[in-house]
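Chain and residue survey
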Amino acid sequence: MTTTKTRPALARRLLRRPSAVIAVAWLVTLTAASLGAPLIAAHGPLDQDLTQVLALPSAAHPLGTDSLGRDLLSRLLYGGQPALLAVAEALAVHLVVGAGLGLVAGYLGGWVDHLTTRIGDLLFALPAIVIVLVVLSVFPGNLHAAMVTFGVLGSPSMIRVLRSRTLGIRQEMYVAAARVSGLSDAQILRRHVLPRLTSTVIVQAALFSGVAVIIQAGLGFLGLGAQPPAPSWGGLVADASQVIDRDPWMLVPAGVPLVLTVIALMALGDAIRDTAVENWSVSKLAASGPVAPPPVAEEMAEETAGTSRAPDPDALLSVRDLTVEIGGVPVVQGVSFDVMPGETLGVVGESGCGKSVTALGVLGLVPGGGRVVRGRVVFDGVDLVGSPEGLARVRGSGIAYVSQDPMVGLDPTFTVMAQLAEAVRRHLGTTREQARERVLELLAMVGVPDPPSVARRHPHQLSGGLAQRVLIALALAGRPRLLIADEPTTALDVSVQKEILTLLHTLQRRTGIAVLIVTHDWGVVATLCHRSLVMYAGQVVEQADVEPMFVRPLHPYTAGLLAANPHQAVSGHPLVTIPGAVPPPRDWPVGCRFAARCPHAADDCRAAPVALVQPEQARLTRCLHFEELVDEGVRR
Ligand SMILES: Nc1ncnc2c1ncn2[C@@H]1O[C@H](COP(=O)(O)OP(=O)(O)OP(=O)(O)O)[C@@H](O)[C@H]1O
């Protein structure tokens, strides 16, 4: 698996750090020596030689002896066994409780997150040492009970760190892509989230282990752990402290290994963290925070002129009155449209108009913790809104998704072959060997040169254009009937953009797949689309076949966008722009949302919400004065 390739790479980089090498060497030596104590130690840990009391190091006793003439090396090594066991017990509980809850809270969010965070806060507020002492008073001398308790009480730090990391990873596009491709939550967690958290978990575990070493030694020092004469690290320090005035040397074998072990664990944690930071590039898709809370824009009683209220039974995808809120604020309102089998529909508009949220809303993947609050999304006769089963069935095999940036749509931890083969096997139920063959076919189909060599690479080893081809191959793995492509060329060089558009065009003609493409670019609409939907401030403002829309736009916003098309720019003349900016969702006006930027706006535009009207067959506009546009002959 790819992860096994990533881990040695991480381990190799880690071992380039001297601090990590020394720490690992110490910990391995200590563990091996403790476990092999019966083979290494020349004396039993309880053997007394009263002729050799408080002796300094010698050939017979390399670390000297204690006040009863017992060999310190032997007691140190035998004492390591309960110490390591105690740390392992606390660590196991810490991992199960802390990592488990952190992962689940971050991934599921909502009330699970809320509840887990509260539990974490509660545990954090409890005085761990006092509770451990109480447990020991109930179970005297039971170090196991004490360390298990400490594992639970120490878990809030792990919960917090993992929760916030998982929250971040959950927003990554490749996780959305995995969900779109039909993976269950458990599969996504295991294959896409956990590998990204491994280094975080190891760092936290190393730091926690350092503290656990101190705690178990402290309990031994207080005589609350292993009972004398059984050897323990804490007991050794206690013995040394009693003879400190007569034999200060004894503190060295008693204390130094303890201190070195704690330092080694901390240093290892730091080294893993630093190495992991080098390893993972920061996500290019930083999750933005929720939109500021209301004032909520007025809810429109949306008229869907020209689009029947009922979903179109002939359409492959029929969206009706789709309304999406993020942070309680509507960001897409009353959007209705159809995509017919084999058709390409372009969704156009400036940044922030709601194109991506609409596309992701169809798939039930609203970003920023938002949700579809109203409307219907009927795909192939099945309403997907509020139907996790329906969504799970269509994702990947019915509807596939290609994101803006190919690098964030692919999981960095897996090779191209691993990612594609997994999708093929899941959707087509093929054998491993058949899946591998199909992957090579898919890569050839999307124009990847030398498919076997590309299949062996990781996403970071691909150029942008190649990565986008791979992402399209991944989307096609389940033989979907609708491809949703969200600005699939935005992150690419101009020359590569053209290649990808040509590829989409070819695939569309060859496979008959329907495409919903989100774009800023009229060139994309002209090249690929049959029809176009123009969005402004969360609403559809115009819908038409591509040619009539280009020739005779019926909304001033469409006209403005066409005039501002950089492809039409004349050298030496400034680029035409639409003055002003798209209002943010919380500032949407009551009337026409484009009025503040519109040269045709009149009082009636600002007075009340403007409904979509159907001025002619197969055309919709949300403009009260579209006739003026026609009269004035507004053109691109
Ligand atoms: N993760 C998020 N958190 C909060 N608000 C968001 C988030 N994603 C989108 N929004 C808001 O939803 C609205 C619509 O955004 P959307 O991304 O759909 O616009 P867009 O037209 O696709 O823009 P672009 O072309 O830049 O992607 C915007 O006001 C945006 O601020």
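Residue positions within a chain follow its written sequence, with the count starting from 1. Residue-level local features of this predicted model are given only where pLDDT is at least 70; pairs of side-chain atoms are given and counted only at 80 or more, and the full residue set underlies all totals for whole chains, interfaces and linings.

Per an unreviewed UniProt entry, the recorded name for the chain is Dipeptide/oligopeptide/nickel ABC transporter ATP-binding protein, and the organism is Streptosporangium carneum.

Next up on the list: the nonpolar core. Grouped together as the largest cluster of nonpolar side chains are 181 residues, with contacts concentrated most on L420, V470, A473, L482 and I484. Secondary structure counts use DSSP, requiring at least four H or I residues in a row for a helix and at least two E residues in a row for a strand, with both numbered from the N terminus. Considering every element that reaches this core, the biggest residue donor is helix 4 (residues 72-108), with 17 residues. Split by domain, this core shows at least three residues from each of two domains, domain 1 (2-279) and domain 2 (556-636). Discounting residues that sit within four places of it in the chain, I484 has contacts with A359, V362, L363, I399, Y401 and L516. To form a nonpolar core, buried Ala, Val, Leu, Ile, Met, Phe, Trp, Tyr and Cys residues must be joined through C-beta atoms within 7 Å. Every C-beta atom is placed from the backbone, and the number of other C-beta atoms within 10 Å of a residue's own sets its class: buried at 20 or more, exposed at 12 or fewer, partly exposed in between. Residue ranges for the domains originate in an automatic or database domain assignment. For every residue pair, C-beta atoms are placed from the backbone, and the pair is scored as a contact if these atoms sit within 7 Å.

What follows deals with helix 8 (residues 155-170). Expected helix span is taken as 1.5 Å per residue step, with the number of steps being one fewer than the number of residues. Along its 16 residues, helix 8 runs 22 Å from first to last C-alpha, staying within 8% of the 22 Å computed at 1.5 Å per residue. Within helix 8, the full set of buried residues consists of S155, P156, M158, I159, R160, V161, L162, R163, T166, I169 and R170.

Time to look at the site of the ligand. The rule is simple: place the C-beta atom from the backbone, and if it lies within 6 Å of a molecule or strand, the residue is near it. Taken together, 18 residues sit near the ligand, with V331, S351, S356, V357 and G368 positioned nearest. Of all the elements, helix 13 (residues 355-362) adds the most residues to the shell around the ligand, at 3 residues. All amino acids are sorted into three groups, where Ala, Val, Leu, Ile, Met, Phe, Trp, Tyr, Cys and Pro are nonpolar, Asp, Glu, Lys and Arg are charged, and the leftover types, Gly among them, are polar. The residue inventory of the shell around the ligand, partitioned by class, reads 9 nonpolar, 8 polar and 1 charged.

Between its terminal C-alpha atoms helix 16 (residues 416-428) stretches 18 Å, which fits the 18 Å expected from 13 residues at 1.5 Å a residue. Within helix 16, 10 of the 13 residues are buried, which leaves the element mostly enclosed by the surrounding structure. Taken together, the buried positions of helix 16 are occupied by V416, M417, A418, Q419, L420, A421, E422, A423, V424 and H427. Positive backbone phi, approximately 60°, marks G429, located one or two places after helix 16.

Relative to the assigned elements, G106 resides in helix 4. Note: C-alpha distance between G106 and L162 (56 residues apart in sequence) is 7.2 Å. If near-sequence neighbours (up to four positions away) are discounted, G106 is found in contact with L162, R163, S164, R165, T166, L167 and R170.

Turning next to the packing of helix 8 against helix 10 (residues 185-221). Closest axis-to-axis distance for the helix 8/helix 10 pair is 10 Å, and the angle between their directions is 155°. With respect to helix 10, the element helix 8 is oriented roughly antiparallel. Here helix 8 runs over helix 10; the crossing is right-handed. Touching S157, M158, V161, L162, R165, T166 and I169 of helix 8 are V193, R196, L197, T200 and Q204, all from helix 10. Angular values range over 0 to 180 degrees, each being the angle between N-to-C directions of two axes fitted as lines to C-alpha atoms, with helices fitted over their stretch in contact. Note that the term roughly parallel is reserved for angles under 35 degrees, roughly antiparallel for angles over 145, roughly perpendicular for angles of 65 to 115, and oblique for everything else. Crossing handedness is read from the near helix: turned anticlockwise from the far helix by less than a right angle, it gives a left-handed crossing, and turned clockwise, a right-handed one.

The criterion for strand pairing is that DSSP finds at least two bridges linking the strands in question. Here 4 strands make up an open sheet; going across it, the order is 2-1-4-5 and the pairing antiparallel. Of all strands in the sheet, those with a lone pairing partner are strand 2 (329-339) and strand 5 (382-383), marking the two edges. Pairing between strand 4 (residues 371-379) and strand 5: 2 bridges, direction antiparallel. If you follow V378 over to strand 5, its bridge partner there is D383. Against the sheet, helix 13 touches strand 1 (317-326), strand 2 and strand 4, its axis set at about 115° to strand 1.

Turning our attention to the sheet that holds strand 11 (residues 620-621). With mixed pairing, 7 strands are arranged side by side in an open sheet as 6-7-8-3-9-10-11. Two strands close off the open sheet at either side, each with one partner strand: strand 6 (399-402) and strand 11. Contacts from helix 19 (residues 464-476) reach strand 6 and strand 7 (482-486), with the element oriented near 170° to strand 6.

At their nearest, the axes of helix 4 and helix 10 sit 9 Å apart, and the two run at 140° to each other. By the angle between their directions, the pair helix 4 and helix 10 is classed as oblique. Crossing of helix 4 against helix 10: the hand is right-handed. Facing helix 4, whose interface residues are A83, A86, V87, A90, L91, H94, L95, A99, L103 and Y107, helix 10 presents L189, V193, V201, A205, F208, S209, A212, V213 and Q216. Taken together, the residues that form the contact of helix 4 with helix 10 break down as 16 nonpolar, 3 polar and no charged.

Along the chain, V551 falls in helix 22 (residues 546-551). V551 sits 11 residues away from L562 along the chain, and the two C-alpha atoms are 9.7 Å apart.

What follows is about the pairing of strand 2. Within a regular strand, the side chains alternate between the two sheet faces. Counting buried residues in strand 2 gives 11 out of 11 residues, a clear majority hidden from the surface. By the bridge criterion, 7 bridges tie strand 1 to strand 2 in an arrangement that is antiparallel. Across the sheet, S318 pairs through a bridge with D338, a residue of strand 2. In this structure, the hairpin formed by strand 1 and strand 2 is closed by a connection of 2 residues, where G327 is found at a positive phi of approximately 60°.

Moving on, we come to unusual backbone geometry. In the Ramachandran plot, L54 falls in the positive-phi region, its phi being about 50° despite a non-glycine side chain. The topology assignment puts L54 in the loop between helix 3 (37-40) and helix 4.

The next subject is the environment of V416. Along the chain, V416 falls in helix 16. Looking at V416, the number of C-beta atoms within 10 Å reads 28, which means it is buried. When neighbours within four sequence positions are excluded, V416 is seen to be in contact with V454, A455, R457 and V470.

Attention now goes to the pairing of strand 8 (residues 514-519). Burial runs high along strand 8: 6 of the 6 residues are buried. Of the two faces of strand 8, the one lined by A514, L516 and V518 and the one lined by V515, I517 and T519 are each fully buried. As paired strands, strand 3 (residues 344-348) and strand 8 are joined by 5 bridges and run parallel to one another. Across the sheet, residue T344 finds its bridge partner in strand 8, namely V515. Strand direction decides the pairing type here: strand 7 and strand 8, joined by 5 bridges, are parallel. When the sheet's bridge partners are listed, L483 is paired in strand 8 with V515.

pLDDT is defined as a per-residue confidence score from the predictor, taking values between 0 and 100. Scored by pLDDT, the chain comes out at a mean of 85, with 90% of its residues at no less than 70. Considering only residues more than four positions removed or in separate chains, one finds that residues 279-308, a stretch of pLDDT under 50, has 59 contacts.

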